[in-house]
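Coordinate inspection notes
Next come the chains, spelled out residue by residue.
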Amino acid sequence: MAGNNSGGGSYPLDDHVKSVARDLQHRFAQMSNRDQKFDLHVIPDLLSQPVVPEPPAQDDKEAQNFEKYLIAMSHIPLNYENPGLLDEALQQIPLDRLSQEAEEEVELFQAKAASLGRSRPEWSHQECMVRALLRWFRRSFFTFVNNPPCSECLSPTNKIRNVAPTPEERAHSATWVELYACVTCGAYERFPRYTEAWQLLRVKRGRAGDFANVFTMLCRALDIRARWVWCQEDYLWTEIYSEHQQRWVHVDSCEEAWDMPHMYYKNWGKKMSYVIAFSREGAVDVTRRYVGSPDALLPRTRCSEGVLKFIMEEITNLHRPKYAPDGETRLRLYREDVAEDVQLRSLWSATLEQSRRLKAAAAAAARGGRSSPDNKSSANMMGSPATGDIKRPIPEDAPVPDVPSLWPTYGP
């Protein structure tokens, strides 16, 4: 069994998992060219297996650039830890109102659990507080802006072009300004694209990325563990950690969506390649939580899976020691990392198995054999809302091992 490392270095991996992962690495070591390395027939299976981290090769400039890009982005959620900013954010939140809504919702969940003969409600006060925050934030606090209305006559506007920010706009974190013209009076309307959460907190308007930026910060103001989630295909959202369910929960503040990670591919038809969750605790590749079908997985060509694993651990080791200086806290976080990795791999294995069954059934139906699965079977794979909880595997008849059967309990 691997020992506990309470210092600032790398976190231990179980020897058995290392052995399995080395076998997988050897299996792919013979792939000499890039097309073979990132063959989509290989990547889906690889995502369900343990991976040994490996640093980018010295001649792999694309992987090195991706590493620098992810490390730079990992600093964004660190801005949420500014005490002054958190105090300002906390003053914006109607705590009494949200706390009352949360208590009422907890009572509803408790009554529902009792009616079903369950000892525990689905959500606790902590999650109900975030759900109340989500409703207030989307309906009353932050406004989605596509084309901003004219400030002179409130008529619609059309975009003309992007322009440079003024010195004052740049001082408030604007990186560029979208310039619009009123369709009625012809007046110009400027829409600065701010990047800092403190400025967005004041203007209270923006687009999906701005929603995620501010909402994640508000969660931190409530002392909720939160992640800022980046999708390479131009979208962002939030995850919060549920102490009640011992897992990370998807929250999309722009869509007012709670615990629906499959909504992007199921409802939008969105395909994704990289989905990375960042927080002060590090970075995690959570793509498998949101890509609920192999057909929705885009090519992952920025780097190998081993290099991506290395980058995630590199970012975690860069930030976590500052916010988890003691060995006990770091060990607890590492155990959470282990459990989440098992959960994500188990989910993806079940997704692959269900996909294979659906394709086999469709092929049999095309040959005149047994009929293809009905919509209900497909819905079980989708999971709406999909929770990602390994205690509720997808599909239902796919056995998923519990965490202790794959990972030992690491002692102090």
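Above this text sits the structure in question.
Attention in this report is confined to the structure presented alongside it. Keep in mind that what you see is a predicted model, and the values were worked out from it rather than measured. (Residues numbered from 1 in each chain as written. Predicted model: local features only at pLDDT ≥ 70, side-chain atom pairs only at ≥ 80, totals over all residues. Heavy atoms only, no water.)

1. Digging into the overall build of the chain
We apply this condition: By the criteria applied, helices consist of DSSP H or I runs no shorter than four residues and strands consist of E runs no shorter than two, each listed in order from the N terminus. Only protein chains enter the area calculation, which uses a 1.4 Å probe; residues under 20% of their type maximum are buried, those over 50% are exposed, and those in between are partly exposed. We call two residues in contact whenever any of their non-hydrogen atoms come within 4.5 Å of each other. Areas reported as accessible are Shrake-Rupley estimates using a 1.4 Å probe. Residue values count occlusion only from the protein chains shown.
The helix and strand inventory of the chain stands at 16 helices and 11 strands. The buried share among the 412 residues of the chain stands at 51%. At a minimum sequence separation of 6, the contacts of the chain that also span at least 24 residues come to 67%. As displayed, the chain offers around 19800 Å² of accessible surface, 50% of which is attributable to carbon and sulfur atoms.

2. Things to note about the packing of aromatic side chains
Using the following cut-off: Within 6.5 Å between ring centres, the rings of Phe, Tyr and Trp (the latter by its six-membered ring) count as paired, and their orientation is classed by plane angle as stacked under 30 degrees, edge-to-face over 60, tilted in between. For a ring to carry a charge above it, either NZ of a lysine or CZ of an arginine must fall within 6 Å of the ring centroid while also lying within 35 degrees of the normal to the ring plane.
Within the structure shown, the criterion is met by 19 aromatic pairs. Between Phe 66 and Tyr 274, the ring centres sit 5.1 Å apart and the planes meet at 55°, which makes this aromatic pair tilted. Separated by 208 residues along the polypeptide, Phe 66 in helix α4 (residues 61-73) and Tyr 274 in the loop between α11 (263-266) and β10 (275-279) bring together distant segments of the chain. For the residue pair Phe 66 and Tyr 274, the accessibility class agrees, reading buried in each case. For the cation-ring pair, Arg 225 lies above Tyr 241, with the distance from its terminal atom to the ring centre recorded as 4.4 Å. Across the ring face of Trp 248, the terminal group of Arg 227 is positioned such that the distance to the ring centre comes to 3.9 Å.

3. Comments concerning helix α13 (residues 305-323)
Structural remark: α-helix, 3.6 residues per turn; residues separated by three or four positions point the same way. Formally: By this rule the span expected of a helix is its residue count minus one, scaled by 1.5 Å. Note that the bend at a residue is defined as the angle between axes fitted to the seven residues ending at it and the seven residues starting at it.
Counted at 1.5 Å a residue, the expected span for α13 with its 19 residues is 27 Å, and the 27 Å between its end C-alpha atoms agrees. At Asn 317, α13 shows its maximal kink, close to 30°; a proline, Pro 321, follows between one and four residues later.

4. Overview of the packing of helix α7 (residues 125-141) against helix α10 (residues 208-221)
Definition in use: Axis definition: a line fit to C-alpha positions, over the contact stretch in the case of helices; interaxial angles, taken between N-to-C directions, run 0 to 180 degrees. Throughout this description, any angle smaller than 35 degrees is read as roughly parallel, any larger than 145 degrees as roughly antiparallel, any in the 65 to 115 degree range as roughly perpendicular, and the remainder as oblique. Each crossing is labelled by how the near helix is turned from the far one, with a counterclockwise turn of less than a right angle marking it left-handed and a clockwise turn marking it right-handed. By the convention adopted, Pro, Cys, Tyr, Trp, Phe, Met, Ile, Leu, Val and Ala count as nonpolar, Lys, Arg, Asp and Glu as charged, and the other residues, Gly among them, as polar.
α10 packs onto α7 with a crossing angle of 140° between their chain directions and a minimal axis gap of 11 Å. Overall, the two elements α7 and α10 adopt an arrangement that is oblique. Judged by the sense of rotation from one axis to the other, the crossing of α7 with α10 is right-handed. Here α7 contributes Val 130, Leu 133, Leu 134, Trp 136, Phe 137, Arg 138 and Phe 141 to the contact with α10, which in turn contributes Phe 211, Val 214, Phe 215, Leu 218 and Cys 219. Across the contact of α7 with α10, the residue classes break down as 11 nonpolar, no polar and one charged.

5. As for the sheet that holds strand β11 (residues 282-285)
In plain terms, the rule: If DSSP finds at least two bridges between two strands, the strands pair.
Spatial ordering of the open sheet is given by β9-β8-β7-β6-β10-β11, a layout of six strands whose pairing is antiparallel. Since the sheet does not close on itself, it has two edges, and those belong to β9 (257-258) and β11, each with one partner. Looking at chain direction, strand β6 (residues 226-231) and strand β7 (residues 235-242) are connected through six bridges and run antiparallel. Across the sheet, Val 229 pairs through a bridge with Trp 237, a residue of β7. Sitting on the sheet, α13 is in contact with β10 and β11, with an inclination near 155° to β11.

6. Quick word on the pairing of β6
When a strand is regular, its side chains alternate between the sheet's two faces. By the criterion of burial, β6 is predominantly enclosed, with six of the six residues buried. The side-chain alternation of β6 yields two buried faces, one formed by Ala 226, Trp 228 and Trp 230 and the other by Arg 227, Val 229 and Cys 231. Between the antiparallel neighbours β6 and β7 lie three residues, among them Asp 234 with a positive phi of about 65°. Direction of pairing for β6 relative to β10: antiparallel, over a ladder of four bridges.

7. Quick look at the packing of helix α5 (residues 83-92) against α10
Orientation of α5 relative to α10, taken along the N-to-C sense of each, is 95°, at an axis distance of 9 Å. Of the possible angle classes, the one that applies to α5 and α10 is roughly perpendicular. On the side of α5, the interface is formed by Leu 85, Leu 86, Ala 89 and Leu 90, while α10 contributes Met 217, Leu 218, Arg 220 and Ala 221. Of the residues that constitute the contact of α5 with α10, the class distribution is seven nonpolar, no polar and one charged.

8. Regarding the pairing of strand β4 (residues 188-194)
Judged by how many residues are buried, β4 sits mostly within the fold: five of seven residues are covered. Sheet topology note: the strand β3 (residues 174-182)/β4 ladder contains seven bridges and is antiparallel. Directly across from Trp 176, in β4, lies its bridge partner Arg 193. Following β3, the chain reverses through five residues before pairing antiparallel with β4; Gly 186 in that reversal takes a positive phi of roughly 80°.

9. Quick notes on the sheet that holds β4
On the basis of which strands lie adjacent, the open sheet formed by three strands has the order β2-β3-β4 and antiparallel pairing. In this open sheet, the two strands that pair with only one neighbour each are β2 (157-163) and β4. For this sheet, the mean inter-axis angle between neighbouring strands, taken without regard to orientation, is 30°. Bridge analysis of β2 against β3 gives six bridges, and the strand direction is antiparallel.

10. With respect to the pattern of salt bridges
What counts, and what does not: Whenever a carboxyl oxygen of Asp or Glu lies within 4 Å of a side-chain nitrogen of Lys or Arg, that contact is scored as a salt bridge.
For the structure on display, the rule yields 28 salt bridges. Residues Arg 97 and Glu 101 are paired through a salt bridge, measuring 3.3 Å at the closest nitrogen-oxygen approach. Linking Arg 97 with Glu 101, this pair stays in helix α6 (residues 95-115), spanning four residues, or about one helical turn. Among the residues examined, Glu 101 registers a relative accessible area of 23% and is labelled partly exposed. Two residues, Glu 340 and Arg 289, come together in a salt bridge whose shortest N-O distance is 2.9 Å.

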